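# Overview (structure and organization)
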Amino acid sequence: MKAHLTRRYLFSASHRLHCDGLSESENQATYGKCNNPHGHGHNYALEVTVSGQVNPQTGMVCNLVDLDGAVHREVLERFDHVNLNARREFAATVPTTENLSEVIFNILKQRFTAAHLEEVRLEETMMNSFEYAGGAELRV
Amino acid sequence: MVYLTRKCEFSASHYYHNPEFSTEENQRIFGKCANLNGHGHNYTLEVTVKGDVDPKTGFVVDLKELKEILNREVLDALDHRHLNKEVPEFLRQIPTTENLAIAIWNRLQGKLHVAKLHRVRVYELPDLFVDFYGEA
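All values reported here derive from a predicted model rather than from experimental measurement.

The next point concerns the interface of chain A and chain B. Residue-level contacts link 17 residues of chain A with 20 residues of chain B. When residues of the side of chain A that touches chain B are assigned to their parent elements, the largest contribution, 7 residues, is made by strand E1 (residues 2-15) of chain A. Bridge analysis of E1 of chain A against strand E5 (residues 128-132) of chain B gives 4 bridges, and the strand direction is antiparallel. In the sheet register, Leu-5 of chain A faces E5 of chain B, and the bridge partner there is Val-130 of chain B.

Attention shifts here to the nonpolar core. Residues Ile-104 of chain A together with Ala-101, Ile-104 and Val-122 of chain B are the most contacted members of the largest nonpolar core, which totals 55 residues. It is helix H4 (residues 97-108) of chain B that provides the largest number of residues to this core, a total of 6 residues. Not counting residues within four places of it along the chain, the set of residues in contact with Val-122 of chain B comprises Tyr-43, Leu-45, Thr-97, Leu-100, Ala-101, Ile-104, Phe-129 and Val-130 of chain B.

What you tend to see is this: most non-glycine residues have negative phi, and most peptide bonds are trans. Notably, His-81 of chain A is not glycine yet its phi reads approximately 60°, a positive angle. Position of His-81 of chain A among the secondary structure elements: in the loop between helix H2 (64-79) and strand E3 (82-83). Positive phi, close to 55°, is recorded for His-80 of chain B, a residue that is not glycine. Judged by C-beta crowding, with 11 C-beta atoms within 10 Å, His-80 of chain B ranks as exposed.

In this section: the packing of helix H2 (residues 63-78) of chain B against H4 of chain B. Residues and elements named next belong to chain B. Two elements in contact, H2 and H4, have axes separated by 9 Å at closest approach and are oriented at 125°. One element, H2, and the other, H4, form an angle in the oblique class. The handedness of the crossing between H2 and H4 comes out as right-handed. Listed contacts from H4 to Ile-69, Glu-73 and Val-74 of H2 are Ile-104, Arg-107 and Leu-108. In the contact of H2 with H4, the residues fall into 4 nonpolar, no polar and 2 charged.

Let's shift gears to the environment of Glu-124 of chain A. Residues and elements named next belong to chain A. Locating Glu-124 in the fold gives a position in strand E4 (residues 116-125). By C-beta crowding, Glu-124 is classed as partly exposed, having 18 other C-beta atoms within 10 Å. Taking C-alpha positions, Glu-124 is 24 Å from Leu-22, a pair spaced 102 residues apart along the chain. Those residues in contact with Glu-124, other than ones at most four positions away along the chain, are His-42, Tyr-44 and Thr-97.

Definitions and limits used
Residues numbered from 1 in each chain as written. Chains lettered and ligands numbered in written order. Predicted model: local features only at pLDDT ≥ 70, side-chain atom pairs only at ≥ 80, totals over all residues. Contact = placed C-beta atoms within 7 Å. Helix = DSSP H or I, 4+ residues; strand = E, 2+ residues; numbered from the N terminus. Pairing = 2+ DSSP bridges. Core = buried A, V, L, I, M, F, W, Y, C linked by C-beta atoms within 7 Å. Buried ≥ 20, exposed ≤ 12 C-beta atoms within 10 Å, placed from the backbone. Axes fitted to C-alpha atoms, helices over the stretch in contact; angles between N-to-C directions. Parallel < 35°, antiparallel > 145°, perpendicular 65-115°, else oblique. Left-handed = near helix turned anticlockwise from the far one by under 90°. Nonpolar A, V, L, I, M, F, W, Y, C, P; charged D, E, K, R; others polar.

The values reported here are purely geometric and, on their own, carry no functional implication.
This is how it looks when you write it as structure tokens:
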């Protein structure tokens, strides 16, 4: 039997939305308050969904300790309490939550192989969230 | 096609233990959950059904009927129970959230007359849940 397992994590980071290819006024018009030169921060909530056959001996899709370990090591240690703009992952892209979702998905896809990575869902605030499934359509 | 989700809560105790594993293996794989005295959770169950909206009633499913089915088939059997000791599915199977979602699906499957079961979502904790879509 195939099941999907989702685990939720929290991290806090700062960022500034600014594109070097745009003029000052274009950046202001595009990103508004998020273009403030000194940046600002969010408490992000990350949901990681993995899937796979339920192992008949353990009753698990994957061991939660392994998933937690991978997310802590590969994602939270990288992005918790940092300025996202200063990270090499955003040397060439704007640290919007869209881009952050893709970055996190791609990191976990490479580094967590104990189950199939279905999607990541990232809440930037209580009012907005982003989902990325490696380019696949989301499951309803 | 419209999807409708009904939410309910139940509280139960369980432990994780595979008699085929040694004590050390059980401890290593299941950690704190291997404590044979058990522990408990407040589970949240979300059942999603899908179907066409009946043009006369405007319903995908009669919610009262869905609630009664959930109470009868799931909550009466699981709420305030010890899953390992009192729920037949778990006498030989480990009551992980994965297996719980599958067991609830199997209990509901075939009991809904109008709508089709789409997804069973079981939250063991606010930051941990399992979805089962009836896939082999």
